[in-house]
Amino acid sequence: MGRHVAPVARPYKLKNGKTTWRVRIRTQGRQTTETFDSEAAAKAFCHQILELGVDRAVELRNRRDESSPDYMPLLHELLDTHVRDLTAVEDRTRADYLALARRSWLPALGSMRVDEIERRDVAKWVNDSAGRYSPKTIRNAHALLSAVLNTAMIHGHVTANKARGTRIPRTGEEKIEDIHFLTHAEFDLLWAEIPEHGRDLTAWLFGTGMRWSEATAQQRRDVDLDAGMMVDGVWTSAPHTKIARSWKQKPRRLGPPKTKASRRTVLLPEELVPVAERCMKGIGTDGHLFRTSTGQAVTHSNWFNRIWKPATIRASICGKHMLEGCRCGTTRPGDCPHHTDRDERGQVLPEPCGCPGTLPFRPRIHDARHTHASWLIAQGVRLEVIQERLGHEGYLTTRRIYGHLMPNAQLEASVAASLAFQATRLQIQSTGGAAQLEK
């Protein structure tokens, strides 16, 4: 038997003048040569031979070689492939997916070969993320990871998606800002604080349930105030507007609505007809309904800081509790001498005072959409109709957000529970409301 010779990396000059590095080995009973682009890579291969044996070193190298049939990509490499090959998405969406991966699972899992990822690796990342990120962020990041591993299955790299079925922790859900449904009285409190030049857009948001990006993208050509329909043989006026576009960010531009279901027609309540008439006056067919004093389409940051945020602060803090000199209820809240603390979301604003005649919370702009839906439900409008009006892709989304507001369903459930108790030994005393068992 011949003496074992340690592998050596030797330079080899090609005809084009480029130098490669070669390592001669014997594997599976035959002699062959492995070629590398750099001396460092060749020496690393020699080290792996000494540590793991020649067959294992060759196997590992083949897994890294894209030209090899045994190539196995790293997770971060497959992520790039997955995002690049997505169809019907904008470049901004691709960038958002990559950013989400970078700030979530990519640091922990990105350097692993996709067939090396086990369920315990995914579980460890999910558990380590609990409390650090919101449940929604973890859920979105996990969905992206699962989609990438589905791509690995399609390419034949793995036979199972090790991320599928992982339960997402709910730690932190109690910190998520609640959805607010404004009552009619609460709307009146807010409306009283909205300046005149902000009322048309405010009425449009509450009266149509549109998303901010949809409402502010409305153009004159979308609105038809002369439309009508036959109802029981009678021609009935049915002014409406179409949602055909919405604003996209980074860069800010007009694009298609959020989903196919978001492309819809919304009938206008009669209170919005004069709003539409005012907004349509003096503009062309592609002119935006809601504009700044210079004629430009309104932006979220400008309208929120100059109209919405000051109004919600004034509506939620009475004159007695508004500190003297406080500027939070003005268009320059950043100049407030009292409230100067900042957190990750910016300036820490004063909390509602809780006094009668004030809002007990500061609603978000999106709460106008939720309030619109709650008002329709209170009038007996079916969830299926609300789904179409709001542009939800699926009925379950509408049911999850607004199902608890269905008054008839809740009343029926309460009556059913009462009838069930009547067949038991439990009796409800009408005087004190205490529950006792018959003796």
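The text that follows walks through the structure, step by step, so that each part is easy to find.

Cut-offs and rules
- Residues numbered from 1 in each chain as written.
- Predicted model: local features only at pLDDT ≥ 70, side-chain atom pairs only at ≥ 80, totals over all residues.
- Heavy atoms only, no water.
- Helix = DSSP H or I, 4+ residues; strand = E, 2+ residues; numbered from the N terminus.
- Rg over C-alpha atoms; globule rule 2.2 N^0.38 Å.
- Buried < 20%, exposed > 50% of the residue type's maximum accessible area, 1.4 Å probe, protein only.
- Contact = heavy atoms within 4.5 Å.
- Areas by Shrake-Rupley, 256 points an atom, 1.4 Å probe, with all protein chains shown as cover.
- Polar contact = N/O pair within 3.5 Å; in protein donor to acceptor, adjacent residues only side chain to side chain.
- Core = buried A, V, L, I, M, F, W, Y, C linked by side-chain atoms within 4.5 Å.
- Pairing = 2+ DSSP bridges.
- Axes fitted to C-alpha atoms, helices over the stretch in contact; angles between N-to-C directions.

Glancing now at the overall build of the protein. Each helix and strand counted, the protein has 16 helices and 14 strands in total. Here the C-alpha atoms of the protein give a radius of gyration of 32 Å, more than 25% beyond the 22 Å that 2.2 N^0.38 yields for 439 residues. With the principal axes as the frame, the protein shows a C-alpha extent of 100 × 80 × 60 Å. Considering the protein as a whole, with its 439 residues, one finds that 39% of them fall into the buried category. Put simply, of all contacts in the protein between residues at least 6 apart along the chain, 56% involve residues at least 24 apart. Surface accessibility of the protein: about 26700 Å² in total, with carbon and sulfur atoms responsible for 51%.

As a further point, take the environment of Lys162. Relative to the helices and strands, Lys162 resides in the loop between helix H7 (135-154) and helix H8 (184-193). Along the chain, Lys162 and Asp121 lie 41 residues apart, while their C-alpha atoms are 8.9 Å from each other. Once you skip the residues sitting within four places of it in the chain, Lys162 turns out to touch Ile117, Glu118, Arg119, Val122 and Leu149. Within the local environment of Lys162, its side chain forms a polar contact with the side chain of Glu118, the two groups lying 3.3 Å apart.

What follows concerns unusual backbone geometry. Following Lys250, the chain continues into Pro251 via a peptide bond in cis, with omega recorded as -5°. The phi torsion at Gln28 lies on the positive side, around 55°, for a residue other than glycine. With phi around 55°, Lys250 is a residue other than glycine that occupies positive phi space. Relative to the elements of secondary structure, Lys250 occurs in the loop between strand E8 (246-248) and strand E9 (253-255).

What follows is about the nonpolar core. One recurring pattern in soluble globular proteins is that nonpolar side chains are buried together. Counting 34 residues, the largest nonpolar core has Leu190, Leu201, Trp204, Leu205, Leu289 and Trp303 as the members making the most contacts within it. Beyond its immediate sequence surroundings of up to four residues, Trp303 is in contact with Gly198, Leu201, Thr202, Leu205, Trp212, Trp308 and Ile365. Of all hydrophobic cores here, the second largest spans 25 residues; its members include Leu75, Leu78, Leu100 and Leu149.

We now examine the sheet that holds strand E10 (residues 264-267). An order of E4-E7-E10 is seen for the 3 strands of this open sheet, with the pairing classed as antiparallel. The two strands at the open ends of the sheet, each matched to only one other strand, are strand E4 (223-224) and E10. Both E4 and strand E7 (residues 240-243) contribute to a ladder of 2 bridges, which runs antiparallel. Within the sheet, the bridge partner assigned to Val223 lies in E7 and is Thr241.

What follows is about the sheet that holds strand E1 (residues 9-13). Overall, antiparallel pairing links the 3 strands, which are arranged E1-E2-E3 in an open sheet. Single-partner strands in this sheet number two, and they are E1 and strand E3 (30-36). Looking at each pair of strands side by side, their axes are set apart by 40° on average, direction ignored. Relative to strand E2 (residues 19-27), E1 is paired through 5 bridges, and the arrangement is antiparallel. Of the residues in E2, the one forming a bridge with Pro11 is Trp21.

Coordinates in, geometry out; function isn't part of it.
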